[in-house]
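# Commentary on secondary and tertiary structure
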Amino acid sequence: MGRSATTKDAQDLFHSLRSAYAATPNNLKIIDLYIVFAVVTAVIQVVYMAIVGSFPFNSFLSGVLSCVGTAVLAVSLRIQVNKEIQGNASQSKFSVPLIDQYRASLV
Amino acid sequence: MDKSPADLLASPGLASLLKSLKLKTKQQELLIRVSILCLVYVLAFITRLFSVLRYESMIHEFDPYFNYRVTQYLTQKGFYEFWNWFDSESWYPLGRIIGGTLYPGLMVTAALIYWILRFLRFAVHIREVCVLTAPFFASNTTLVAYFFGKELWDSGAGLVAAAFYFALVISQAWGGYVFIINLIPLYVLVLLITGRYSMRLYVAYNSMYVLGMLLAMQIRFVGFQHVQSGEHMAAMGVFFLMQVFYFLDWVKYLLNDPKKFHTFLRITVTSAVGLGAIALGVGTASGYISPWTGRFYSLLDPTYAKDHIPIIASVSEHQPTAWSSFMFDFHILLLLFPAGLYFCFKRLSDATIFIVMYGLTSMYFAGVMVRLILVATPAVCLISAIAVSATIKNLTQLVRAKSKPNPVGPGKGTSSTKSSSKGSPDQSMPIQRNGAIALLLGVFYLLTRYAVHCTWVTSEAYSSPSIVLAARGAHGNRVIFDDYREAYFWLRQNTPPDAKVMSWWDYGYQITAMGNRTVIVDNNTWNNTHIATVGRAMSSYEDEAYEIMRSLDVDYVLVVFGGVTGYSSDDINKFLWMVRIGGGVFPVIKEPDYLVNGEYRVDKGAAPKMLNCLMYKLSYYRFGELTTEYGKPPGVA
């Protein structure tokens, strides 16, 4: 009983996420694709290092950090290009702190 | 109508001058602001020229001689040689990898300025460039402080620039960047917890962290520390936390349904925090992430260094700060600092939270170690400036309140709305106004006294080059002691080029820079055992010391002795630290052997080991035949 409720919840979640995401404009989707590509490249490098060993550490660090770095900077770009959040960009406060919501969700 | 001071302020002379230039109020304000900034820029430069005017243009103290020598090498041999330099003239016989153990920012900047000036056909010597780089950057710092202050108090968007400047530039130039690199993540964490976050926080912190970390790791001295040492884990932890935070926020925005989001939230955050804690725990336990190094650990636990690392405890600038030092350096800023904190709390915003955190943490560390007053200075200046600015603004508003006698309608002046809303009777206004004027005059008096004090402090205490000493002779004439440099030049001119000189580590940089000879230990103090060997040699009997010196190939020993002139920071004064550091590695050297009843004596009643050790013998050789002061018997220090 509990198990099916959780899976149904998860499926629900997944569907609503998919439908919401489909609504985003195309230019943002291209940026998202680039972010996914960068993260996947980083993961591949980490797996490779786990298999082969970390020498030379410089190469590993530069590879992974450039991927992570470019992903993060692409996210920043996406934030600043996204017209829907434009209004929030200059605000310094959101309405409800996320930490309180987290605590509320645990109850 | 009586002439009141306020009317004098708006006197016909100044007003007509400004009017004659046909400027509007905004432009007048701009003119005043720009001229003040120019004056401050020039003042900041010339106040640092006291010692250049009094003595000559030379490098002060001990450590800067290393920077000077390295900059010289850089301009002579080029960047590639500099970056890969292995120096065999210091730390004989080990040598030192200079390219891999320095923060290149300062030297590269000085070299760049030198090359630019040379390109413009100014034939300057590299020493002049090095000496004057400091005042030049001091002036630039005042400009930066101005813009920083403008952002802090009036708007908040300059934080990206400030964070970038600190993290990037300082990590290139100075080991103290660890403070900034922990303060900024702490600040971001505080902002996240108090709910004051927005997209620009994400963009700012991530740009700074990614670019700063990648560029800092190009410095070989920093190396892999950003991913391996405990001191940098805070920055990384906050980086990951931010990714999680903003990802969750984006999902919440996508879902638009609180209930579903709560489930998602619960799962993701618990797993993310759990994973992070496990990773950190495994890393620290397995030793992959190194714990905080002794240098920074001693800041959190001030008693740590005395027991465990005597070489850190021996540096006089590492001692806890006395109140007199605070008063000496900060003067009225000490009083204005709490007042500024009050004003910051009154107008809480992202920017003021940052300056409050910076101010409080840096004041704590300034109390732990004298040299960290330097780190606290920008924060204290800015917070005090906020206090002064807010106070003066309130007072001038009160003063100008009577400038419109009939407060009809909203009016154009900033003050008339205040006075009309108060609706106070005419009687109290003159009293308030006179009180405000008196207070204003008091504030201006305080500020002028502060400026005078700072100039005096710079002239007396911070302009002494330490390598050249001055005193008054018996007839009031000025006597210059240039003994340090004379000794180094004697070495340079009278010893074979491959001679090795043993001295205490304080003088290492100066001997290599000016004497151009190989030294055994120098100020870098990277090898404690080597320094302990020298300490052991200095505190042993002559025959044992001779064996140690033979094993190190020593040809000359340099000792600084101040008994003839009454110079108090000589090697006899530092001798106990030599014993402690030597004894820390070689248990054969025991500190109580050199003391008499726990007391350090160097006269007839000194301990026998003290009277026969190498340092004593070298310092007091034939001292009994020397007359130090007219009228006193010979051999009296």
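Residues numbered from 1 in each chain as written. Chains lettered and ligands numbered in written order. Predicted model: local features only at pLDDT ≥ 70, side-chain atom pairs only at ≥ 80, totals over all residues. Heavy atoms only, no water.

### Side note on the overall build of chain B
Heads up, the condition is: Helix and strand definitions follow DSSP, with helices as H or I runs of at least four residues and strands as E runs of at least two, each counted in order from the N terminus. Each residue gets one of three labels from its accessible area relative to the maximum for its type: buried under 20%, exposed over 50%, partly exposed in between, using a 1.4 Å probe on protein chains only. Contact criterion: two residues are considered in contact whenever any of their non-hydrogen atoms come within 4.5 Å of each other. Every accessible area reported is derived by Shrake-Rupley at a probe size of 1.4 Å, with residue values counting cover from the shown protein chains alone.
The secondary structure content of chain B amounts to 30 helices and seven strands. In chain B, which comprises 637 residues, the share counted as buried stands at 43%. In chain B, 66% of the contacts between residues at least 6 apart in sequence involve partners at least 24 apart. Accessible surface computed for chain B: about 33,900 Å², of which carbon and sulfur atoms make up 64%.

### Here's the deal with the overall build of chain A
On a plain count of helices and strands, chain A comes out with five helices and zero strands. Ordered by position from N to C terminus, the α and β elements of chain A give α-α-α-α-α. Carbon together with sulfur atoms contributes 67% to the accessible area of chain A, which is approximately 7,200 Å² in total.

### Looking at the sheet that holds strand 7 (residues 556-557) of chain B
All names here are of chain B. Keep this limit in mind: Only when DSSP finds a minimum of two bridges between them are two strands counted as paired.
Taking strand neighbours across the sheet as the criterion, the three strands line up as 6-5-7 in an open arrangement whose pairing is parallel. Strands at the two margins of the open sheet, each flanked by one partner only, are strand 6 (518-519) and strand 7. As defined by bridge partners, strand 5 (residues 500-502) adjoins strand 6 across two bridges and the pair is classed as parallel. Each residue of the ladder has a partner; that of Val501, found in strand 6, is Val519.

### Notes on the UniProt feature "transmembrane region" (unreviewed entry) in chain A
All names here are of chain A. Put simply, the rule is: UniProt positions are given in the numbering used here, feature names are shortened, and annotations may be inferred rather than shown by experiment.
Here the UniProt-annotated "transmembrane region" (unreviewed entry) positions come out as residues 33-51 and 57-77. End C-alpha atoms of residues 33-51 are separated by 27 Å, and the span's content is 100% helix alongside 0% strand. Helix makes up 100% of residues 57-77 and strand 0%, with an end-to-end C-alpha separation of 30 Å.

### Notes on the pattern of salt bridges
Side-chain pairing between opposite charges can occur once the charged atoms of the two side chains come close. All names here are of chain B. Rules: By salt bridge we mean one thing: a side-chain nitrogen of Lys or Arg within 4 Å of a carboxyl oxygen of Asp or Glu.
By the definition in use, this model includes nine salt bridges over all chains. Where Asp482 meets Arg485, a salt bridge forms, and the shortest distance between an N and an O atom there is 3.0 Å. Owing to a relative accessible area of 15%, Arg485 belongs among the buried residues under this scheme. With a shortest N-O distance of 2.6 Å, Asp506 and Lys574 are connected by a salt bridge. Here the residue Asp506 occupies a position in the loop between strand 5 and helix 25 (508-515), and Lys574 occupies one in helix 28 (residues 571-585), the gap between them amounting to 68 residues. With respect to burial, Asp506 and Lys574 carry one shared label: buried.

### Digging into the packing of helix 10 (residues 177-193) of chain B against helix 13 (residues 233-255) of chain B
All names here are of chain B. In plain terms, the rule: Helix axes are fitted to C-alpha atoms over the stretch in contact, other axes to C-alpha atoms as well, and angles between N-to-C directions run from 0 to 180 degrees. Orientation labels follow simple angle bins: below 35 degrees gives roughly parallel, above 145 gives roughly antiparallel, 65 to 115 gives roughly perpendicular, and whatever is left gives oblique. Crossings are classed by handedness, with left-handed meaning an anticlockwise turn of the near helix from the far one by less than a right angle and right-handed meaning a clockwise turn. Polar here means any residue outside two lists: the nonpolar Ala, Val, Leu, Ile, Met, Phe, Trp, Tyr, Cys and Pro, and the charged Asp, Glu, Lys and Arg; Gly therefore counts as polar.
Here helix 10 crosses helix 13 at 30 degrees, and the two axes come no closer than 8 Å. Here helix 10 lies roughly parallel to helix 13, going by the angle between them. In this structure, helix 10 crosses over helix 13, and the sense of that crossing is left-handed. Contacts between helix 10 and helix 13 involve Ile181, Asn182, Pro185, Val188, Leu189 and Leu192 on the former and, on the latter, Ala234, Ala235, Val238, Leu241, Met242, Phe245 and Tyr246. Considering only residue class, the contact of helix 10 with helix 13 consists of 12 nonpolar, one polar and no charged.

### Thoughts on the nonpolar core
Rule in force here: Only buried residues count toward a nonpolar core, which is a set of Ala, Val, Leu, Ile, Met, Phe, Trp, Tyr and Cys residues joined through side-chain atoms within 4.5 Å.
Counting 83 residues, the largest nonpolar core has B:Leu192, B:Leu201, B:Tyr205, B:Met242, B:Tyr246, B:Phe330 and B:Met363 as its most contacted members. Residues contacting B:Tyr246, with those up to four places away along its chain left out, are B:Leu192, B:Tyr197, B:Ser198, B:Met199, B:Leu201 and B:Tyr202.

### Notes on the pairing of strand 3 (residues 469-472) of chain B
All names here are of chain B. In this sheet, strand 4 (residues 478-481) lies alongside strand 3 in antiparallel orientation, the contact comprising four bridges. By the bridge assignment, Arg472 is partnered in strand 4 with Arg478. Counted between consecutive antiparallel strands, the loop separating strand 3 from strand 4 contains five residues, among which Gly476 sits at a positive phi close to 85 degrees.

### Details of unusual backbone geometry
Working note: non-glycine residues mostly have negative phi, and peptide bonds are mostly trans. Residues and elements named next belong to chain B. Cis peptide bonds are those with omega within 30 degrees of zero, and the linkage from Tyr92 to Pro93 qualifies with 0 degrees. Along the polypeptide, Pro93 turns up in the loop between strand 1 (86-87) and strand 2 (96-97). Unusually for a residue other than glycine, Arg121 sits at a positive phi of about 70 degrees. Inspection of the secondary structure puts Arg121 in the loop between helix 7 (105-119) and helix 8 (126-154).

### A look at the confidence of the model for chain B
Low pLDDT means the predicted atomic positions in that stretch should not be read closely. Residue and element names in this part refer to chain B. Keep this limit in mind: A score between 0 and 100, pLDDT records how confident the predictor is in each residue.
Here chain B averages 79 in pLDDT, and 84% of its residues register 70 or above. Below a pLDDT of 50 lies the segment residues 154-172, which in the model reaches 33 contacts outside its immediate sequence neighbourhood of four places, other chains included. Ignoring residues within four places in sequence, the model shows residues 404-426, a span with pLDDT below 50, making 16 contacts including any to other chains.

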